[in-house]
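In case you want the letters, here they are:
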Amino acid sequence: MHDRTEGRIIIDDTTLRDGEQTAGVVFSLAEKKSIARLLDAIGVPEIECGIPAMGKEEQASVRALVELGLNARLLTWNRAVVSDIQASLDAGVVAVDISLSVSDIHIEHKLRKDRVWVKEQLKVALGFAKQHGLYVSVGGEDASRADLDFLVELMGIARDLGADRFRFCDTLGILDPLTTYATVRTLRSKVPDLDLEVHTHNDLGMATANAIAGIRAGARFVNTTVNGLGERAGNAALEEVVMALKHACGLDPGVDTRRFVELSQLVGRASCRPVPPWKAVVGERVFAVESGLHADGVLKYPGNYEGFDPAEVGLDRLMVLGKHSGGHGLRHRLATLDIALPEGEEQRVLKMVRRRSQELKRPLSDGDLRVLMAECCHAA
Ligand SMILES: [Zn+2]
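Residues numbered from 1 in each chain as written. Predicted model: local features only at pLDDT ≥ 70, side-chain atom pairs only at ≥ 80, totals over all residues. Heavy atoms only, no water.

**Description of the coordination of the zinc ion**
The expected angle between donors at a tetrahedral four-coordinate metal is 109.5 degrees. At an octahedral six-coordinate metal it is 90 or 180 degrees. Looking at the zinc ion, one finds its protein donor set to be Asp 18 (OD), His 199 (NE2) and His 201 (NE2), positioned 2.0 to 2.1 Å from the metal centre. For the zinc ion, all donor residues lie on one chain, and their spacing in sequence is D-x180-H-x1-H. With Asp 18 in helix α1 (residues 15-19) and His 199 in strand β7 (residues 195-200), the pair connects residues that are 181 residues apart, well separated along the chain. In this structure Asp 18 comes out as buried when scored by relative accessible area, which is 2%. (Donors = N, O, S within 2.8 Å, 3.2 Å for Na, K, Ca; no water. Helix = DSSP H or I, 4+ residues; strand = E, 2+ residues; numbered from the N terminus. Buried < 20%, exposed > 50% of the residue type's maximum accessible area, 1.4 Å probe, protein only.)

**A short note on helix α7 (residues 148-160)**
For α7, built from 13 residues, the straight-helix expectation of 18 Å at 1.5 Å per residue is met to within 8% by its first-to-last C-alpha distance of 18 Å. Taken as a whole, α7 has its buried residues at Phe 150, Leu 151, Val 152, Leu 154, Met 155, Gly 156, Ile 157 and Ala 158. Contacts from the buried residues of α7 go to α5 (104-111), α6 (115-131), β5 (135-141), β6 (165-170), α8 (177-190) and β7. A positive phi of about 95 degrees marks Gly 162, the residue just after α7. (Expected span 1.5 Å × (residues − 1). Contact = heavy atoms within 4.5 Å.)

**Observations concerning the pattern of salt bridges**
Tallied over the full model, the rule gives 37 salt bridges. A salt bridge links Arg 115 to Asp 147, with the nearest nitrogen and oxygen atoms 3.6 Å apart. In this pair, Arg 115 is assigned in helix α6 and Asp 147 in the loop between β5 and α7, connecting sequence segments 32 residues apart. Taking the relative accessible area as the measure of exposure, Arg 115 reaches 29% and is therefore partly exposed. You can call Asp 147 partly exposed: its relative accessible area is 32%. In this structure, Glu 359 engages Arg 356 in a salt bridge whose closest nitrogen and oxygen atoms are separated by 3.6 Å. Of the two residues, Glu 359 and Arg 356 both sit in helix α14 (residues 346-360), three residues apart, roughly one turn of that helix. Members of the salt-bridge network, linked through shared partners, are Asp 12, Arg 17, Asp 18, Glu 46, Glu 48, Arg 73, Asp 97, Arg 165, Arg 167 and Glu 197. (Salt bridge = Lys/Arg side-chain N within 4 Å of Asp/Glu carboxyl O.)

**Some details on the packing of α6 against α7**
α7 packs onto α6 with a crossing angle of 25 degrees between their chain directions and a minimal axis gap of 10 Å. Regarding the angle of α6 to α7, the classification is roughly parallel. You can see that α6 and α7 cross each other, and the crossing is right-handed. Contact residues: Arg 115, Val 118, Lys 119, Leu 122, Lys 123 and Leu 126 in α6; Phe 150, Glu 153, Leu 154, Ile 157 and Ala 158 in α7. Of the residues belonging to the contact of α6 with α7, the class tally is seven nonpolar, no polar and four charged. (Axes fitted to C-alpha atoms, helices over the stretch in contact; angles between N-to-C directions. Parallel < 35°, antiparallel > 145°, perpendicular 65-115°, else oblique. Left-handed = near helix turned anticlockwise from the far one by under 90°. Nonpolar A, V, L, I, M, F, W, Y, C, P; charged D, E, K, R; others polar.)

**Overview of the layout of surface pockets**
Reported here for the largest pocket is a volume of approximately 210 Å³. Lining the largest pocket are 15 residues, with Arg 17, Asp 18, Glu 141, Thr 171 and His 199 sitting closest to its centre. For the lining of the largest pocket, the residue count by class is two nonpolar, six polar and seven charged. Quantified by volume, the second largest pocket comes out at close to 180 Å³. Looking at the second largest pocket, it is lined by 13 residues, and the ones nearest its centre are Arg 79, Ala 80, Ser 99, Leu 100 and Leu 111. Breaking the lining of the second largest pocket down by element, the ones donating at least two residues are β3 (73-79), β4 (95-101), α5 and α6. Its residues assigned to classes, the lining of the second largest pocket shows seven nonpolar, three polar and three charged. (1 Å grid on protein atoms, 1.4 Å probe; cavity = no way out; pocket = protein on both sides within 12 Å on 5 of 7 lines; lining within 4 Å. Points joined across faces, edges and corners; volume = space filled by probe spheres on them.)

**Side note on the packing of aromatic side chains**
In this structure the tally under the stated criterion is one aromatic pair. Plain terms: the ring middles of Phe 287 and Phe 308 are 5.4 Å apart, the flat faces sit at 75 degrees to each other, and that makes the pair edge-to-face. Linking Phe 287 in the loop between α11 (260-270) and β9 (288-289) with Phe 308 in the loop between α12 (292-300) and β10 (318-319), this pair joins segments that are 21 residues apart in sequence. For Arg 73, the ring lying beneath its charged end belongs to Tyr 135, and the centroid distance is 3.7 Å. (Phe/Tyr/Trp six-rings, centres within 6.5 Å; stacked < 30°, edge-to-face > 60°. Lys NZ or Arg CZ within 6 Å of the ring centre and 35° of its normal.)

Next up, the structure:
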């Protein structure tokens, strides 16, 4: 396996684990393979691909993904329990996430244990994984509600026992970017010799923003899912995180973005969660232009109203003719259909376009426009 990750921000995509954990979402093995292959083909360096402890079937599907021989590093998700890690070893992976609850709320009310017990679990599970030569990310579940000093203590233990990184999880999606930044920065400075990963959820609509804040604060690894699929409101979306890194932060995570729409639609179909047309980055209508001012601006120079080229993610610009359209948009659209606009008729046709789109409550299709032009010229 060659290392695609040197010096880069490393995307660990968990569509096949946290994504599949979305209530009601199940991928077939064939779908898992297609998704893993496409993630690998576009250069995603890590794929979290399942939970072998769930049973024989999941183990077999993880093994089938391992056997694809991808360049991406495959990780599995495990509780901090030796039998979970053994199941991952049996499935043939060489990298694991070992997750344990780290907030007092979880320790008291979910585990019904104490911090001492948590530290022991970590030592035993991590010790076992390292004895077997596994690459280990130690996952701090509910880390965003945990006591910071306790997190630092756990990270110290993890580092001393050979963990490769610590996953800071905002399991409930309750952080904002400023708090995420401050917390990750603190952890980074207190335990500078252990890499950090951020795992953010979208309950308050801030998963991507928090992931970016975590990276800016020094995390080198970031969890994503395609379309932001995941528990409850989902995770940080792969396509958003990558494009934000490129265009908002000037960082290149080395992913070929041109197949993002293809990937998004594949996961949309496999998860039976169709992608909303307005979905950031990959929604089919996020580059639709209707308003006269914007259409004029984009036609003169796309950079006037497009933050990046739609082709960069596999989308096309759509010039939509509707209630807000102006002369430029109309002339452009008629030209693409090879229909001549009779001299002095622009305002009358525009009026008809606006009225028709209000009646239809949608923009005009090519067919609508042909009919309208036939009527218009006939009437004229
Ligand atoms: Zn999660």
